[in-house]
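Structure at a glance
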Amino acid sequence: MTKRDIPALPRGGACVVVGATGGIGQALAEAASASGAFARVLRLSRAGAPGGHIAPDITVDITVDITDEASVKAAAASVADVCRVTPLRLVLDATGFLHDNAHQPEKSWRDLDPAHLAKAFSVNAIGPALLMKHFLPLLPREGKAVFATLSAKVGSIADNRLGGWYAYRASKAALNQLVRTAAVELARRRPDAIAVALHPGTVDTRLSQPFAKTGLAVRPPEEAAALLLGVVERLTPAMSGGFYDYRGDPLPW
């Protein structure tokens, strides 16, 4: 396939970045704004603007908690108001949970903890599923549009040779299946639209910093964002439902 055969995102639409106050999310929002491809870039985050309302300028913050369906539904309604004038062409979900003060990635099955598993699935799988439920219907019925959620290579079952990290691996594997399933339905309803899971590589953020091994290629968020947006530009409807890395190469399930 040549570059000429790859459909471009129609310019002048809206881009939504969920998790826009995180390391990768903030970089994605800034890169999307700087690209000039979008008339509106809407930044969604739990730490949104005061009052959680849509501001009249180009960069907009909307408060959303992806683990609360009422919050996701309200955020989607706010985006829908914008999209009556500006079609929604790109949704980037940059949310994710690996560790916090109470939970660290498991080294053994002895470390399995119901609360950790529940939180990982809530943020990494159920939250993005709710985003798909309420945001996929907002994508235009014609022309290229993309819903991309950040997954992780460790969510690949076929690639798992090291073990450990039970909750993160399993919740990202669940996310991949949710994206694949939603893409099947999306193809029937909006054949030009694309839903994918993307692996950003190891990025210099709070999520990965404690676990970046010596010698591992760690990218600054700005570089990761540029690579991911490049992948989005090269996506075709035939690639919908896939799992790709930051180079656009397919990853095994």
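Below is a summary of the structure that appears in this document. Small disclaimer: the values here were computed from a predicted structure and weren't measured.

Enumeration over the complete set of coordinates arrives at nine salt bridges. Where Arg-247 meets Asp-249, a salt bridge forms, and the shortest distance between an N and an O atom there is 3.6 Å. Exposure remark for Arg-247: the relative accessible area of 49% places this residue in the partly exposed category. Using a relative accessible area of 37% as the deciding quantity, one classes Asp-249 as partly exposed.

With 15 residues, helix 2 (residues 69-83) extends 20 Å between its outermost C-alpha atoms, agreeing within 8% with the 21 Å of an ideal straight helix rising 1.5 Å per residue. Among the residues making up helix 2, those that are buried are Ser-71, Val-72, Ala-75, Ala-76, Ser-78, Val-79, Ala-80, Val-82 and Cys-83. The distance from a side-chain oxygen at the start of helix 2 to the backbone nitrogen of Ala-70 is 3.1 Å, and the residue carrying that oxygen is Asp-68.

The residue Glu-106 is located in the loop between strand 4 (88-93) and helix 3 (114-135) in this model. A polar contact of 3.3 Å, which involves the side chain of Glu-106, links it to the backbone nitrogen of Ala-167. Sequence-distant contacts of Glu-106, that is, excluding residues within four places in its chain, are made with Asp-111, Leu-112, His-116, Gly-164, Trp-165, Tyr-166 and Ala-167.

Right, let's get into the environment of Pro-200. Here Pro-200 lies in the loop between strand 6 (193-199) and strand 7 (202-203). Judged by relative accessible area, Pro-200 falls into the buried class, the value being 7%. Along the sequence, Pro-200 and Tyr-244 sit 44 residues apart, while their C-alpha atoms lie 8.9 Å from each other. Ignoring anything within four residues of it in the chain, the contact list for Pro-200 reads Ile-24, Ser-151, Ala-224, Leu-228 and Tyr-246.

All right, on to the packing of helix 3 against helix 4 (residues 166-189) then. Following both chains from N to C, one finds helix 3 and helix 4 inclined at 15°, their axes separated by 8 Å at the closest point. One way to sum up the angle between helix 3 and helix 4 is to call them roughly parallel. At the point where helix 3 passes helix 4, the crossing takes the right-handed sense. Counted together, His-116, Leu-117, Ala-120, Phe-121, Asn-124, Ala-125, Pro-128, Ala-129 and Met-132 of helix 3 and Ala-167, Tyr-168, Ala-170, Ser-171, Lys-172, Ala-174, Leu-175, Leu-178, Val-179 and Ala-182 of helix 4 form the full contact between these two elements. Each residue belonging to the contact of helix 3 with helix 4 can be placed in one class, and the counts come to 15 nonpolar, three polar and one charged.

Of all eight residues in strand 2 (residues 38-45), seven are buried, a share of seventy percent or more. Here six bridges tie strand 1 (residues 13-18) to strand 2, and the two strands are oriented parallel to one another. Each bridged residue has a counterpart across the sheet, and for Gly-13 the counterpart in strand 2 is Phe-38. At this point the chain moves from strand 1, through helix 1 (residues 23-35), to the parallel strand 2, and the crossover so formed is right-handed.

Reading the values: the criteria
- Residues numbered from 1 in each chain as written.
- Predicted model: local features only at pLDDT ≥ 70, side-chain atom pairs only at ≥ 80, totals over all residues.
- Heavy atoms only, no water.
- Salt bridge = Lys/Arg side-chain N within 4 Å of Asp/Glu carboxyl O.
- Buried < 20%, exposed > 50% of the residue type's maximum accessible area, 1.4 Å probe, protein only.
- Helix = DSSP H or I, 4+ residues; strand = E, 2+ residues; numbered from the N terminus.
- Expected span 1.5 Å × (residues − 1).
- Polar contact = N/O pair within 3.5 Å; in protein donor to acceptor, adjacent residues only side chain to side chain.
- Contact = heavy atoms within 4.5 Å.
- Axes fitted to C-alpha atoms, helices over the stretch in contact; angles between N-to-C directions.
- Parallel < 35°, antiparallel > 145°, perpendicular 65-115°, else oblique.
- Left-handed = near helix turned anticlockwise from the far one by under 90°.
- Nonpolar A, V, L, I, M, F, W, Y, C, P; charged D, E, K, R; others polar.
- Pairing = 2+ DSSP bridges.
- Right-handed = clockwise from strand over helix to strand, strands pointing away.

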